[in-house]
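# An overview of the molecular structure
Single-letter residue listing:
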Amino acid sequence: TAHTFGEFDLFVDGQPVSFPRSKSKELLAYLIDRQGGGISRATAAAVLWEDSHYDRSMQKQLDVIIRSLRSALEAVGAEDIFELDSGTMRIVPEKLDCDLYRFLSGNTDAVNSYRGEYMNAYAWANMTEAFLTRTQNRIK
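These notes cover the structure that comes with them.

### Details of the packing of aromatic side chains
Summed over the entire model, instances satisfying the criterion amount to five aromatic pairs. Centre to centre, the rings of tyrosine 30 and tryptophan 124 are 5.1 Å apart; their planes meet at 90°, and the pair counts as edge-to-face. Note that tyrosine 30 is positioned in helix H1 (residues 22-33) and tryptophan 124 in the loop between helix H5 (108-113) and helix H6 (126-139), a separation of 94 residues in sequence. Assessed through its relative accessible area of 14%, tyrosine 30 is described here as buried. The exposure class of tryptophan 124 is buried, given its relative accessible area of 17%. An aromatic cluster is present here, built from Phe5, Phe103 and Tyr114 joined pairwise through their rings.

### Section: the pairing of strand S2 (residues 9-12)
Direction of pairing for strand S1 (residues 2-3) relative to S2: antiparallel, over a ladder of two bridges. Across the sheet, residue histidine 3 finds its bridge partner in S2, namely aspartate 9. Between S1 and S2, which follow one another and run antiparallel, lie five residues, and glycine 6 among them has a positive phi close to 80°. Across two bridges, the pairing between S2 and strand S3 (residues 15-16) is antiparallel. Across the sheet, the residue bridging to valine 12 is glutamine 15, located in S3. Counted along the chain from S2 to the antiparallel partner S3, the turn is two residues long, and its residue aspartate 13 has a positive phi close to 50°.

### Topic: the packing of helix H2 (residues 41-48) against helix H3 (residues 56-75)
Contact geometry of H2 with H3 gives a least axis separation of 10 Å together with a crossing angle of 90°. By the angle between their directions, the pair H2 and H3 is classed as roughly perpendicular. The residues of H3 that touch H2, namely those facing Arg41, Ala44, Ala45 and Leu48, are Met58, Gln59, Leu62, Asp63, Ile65 and Ile66. Across the contact of H2 with H3, the residue classes break down as seven nonpolar, one polar and two charged.

What counts, and where the lines are drawn
Here the residue numbering is sequential within each chain, running from 1 through the sequence in written order. At least 70 in pLDDT is required for a residue's local features to be given in this predicted model, at least 80 for side-chain atom pairs to be given and counted, and no such filter applies to totals for whole chains, interfaces and linings, which use all residues. In computing side-chain values, all of the structure's heavy atoms are included and hydrogens and water are not. Here the aromatic set is Phe, Tyr and Trp, taking the six-membered ring for Trp, and pairing holds for ring centres within 6.5 Å; pairs whose planes are under 30 degrees apart are stacked, those over 60 apart are edge-to-face, and all others are tilted. Note on conventions: DSSP H or I runs of at least 4 residues are helices, E runs of at least 2 residues are strands, and numbering of each starts at the N terminus. The buried label goes to any residue with under 20% of its type's maximum accessible area, the exposed label to any with over 50%, and the partly exposed label to all in between, with areas taken from a 1.4 Å probe on protein chains only. At least two bridges found by DSSP between two strands is the condition for calling them paired. As a rule, the C-alpha atoms of each element are fitted with a line to give its axis, helices using only the stretch in contact, and angles between N-to-C directions run from 0 to 180 degrees. We call two directions roughly parallel when the angle between them is under 35 degrees, roughly antiparallel when it is over 145, roughly perpendicular when it lies between 65 and 115, and oblique otherwise. Only heavy atoms enter the contact rule, under which two residues are in contact if any of them lie within 4.5 Å. Under the convention adopted here, Pro, Cys and the residues Ala, Val, Leu, Ile, Met, Phe, Trp and Tyr are nonpolar, Asp, Glu, Lys and Arg are charged, and Gly plus all remaining residues are polar.

If you want it as structure tokens, here you go:
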């Protein structure tokens, strides 16, 4: 279960998933925000390190983050929600329960549970937050 309203967290069987690296958790959050859309390694690096140049050093850092994410998911038996194929990574939205996805499908409980905050720790989430707020205001 992914909680995106407020702070981002991932739970498996009701227990929070621990991420040894904050960037691996942020990468997962961004992939969830993309709703199954694939992103390139260069895009992932641009999201995680906004003002850095995508060079060989950055590629190695990204490799570490991806391995860390995979390891955290494998540790809780949730590795099947993440796909990496030919340098493109994505989340498999059908394999997780997510308040964002329920909101977008029109689920009344999810719409009502949104309080104007979405993945607070991440600046890139502001656009989705604005969209959710506008959508909720139109529904009400």
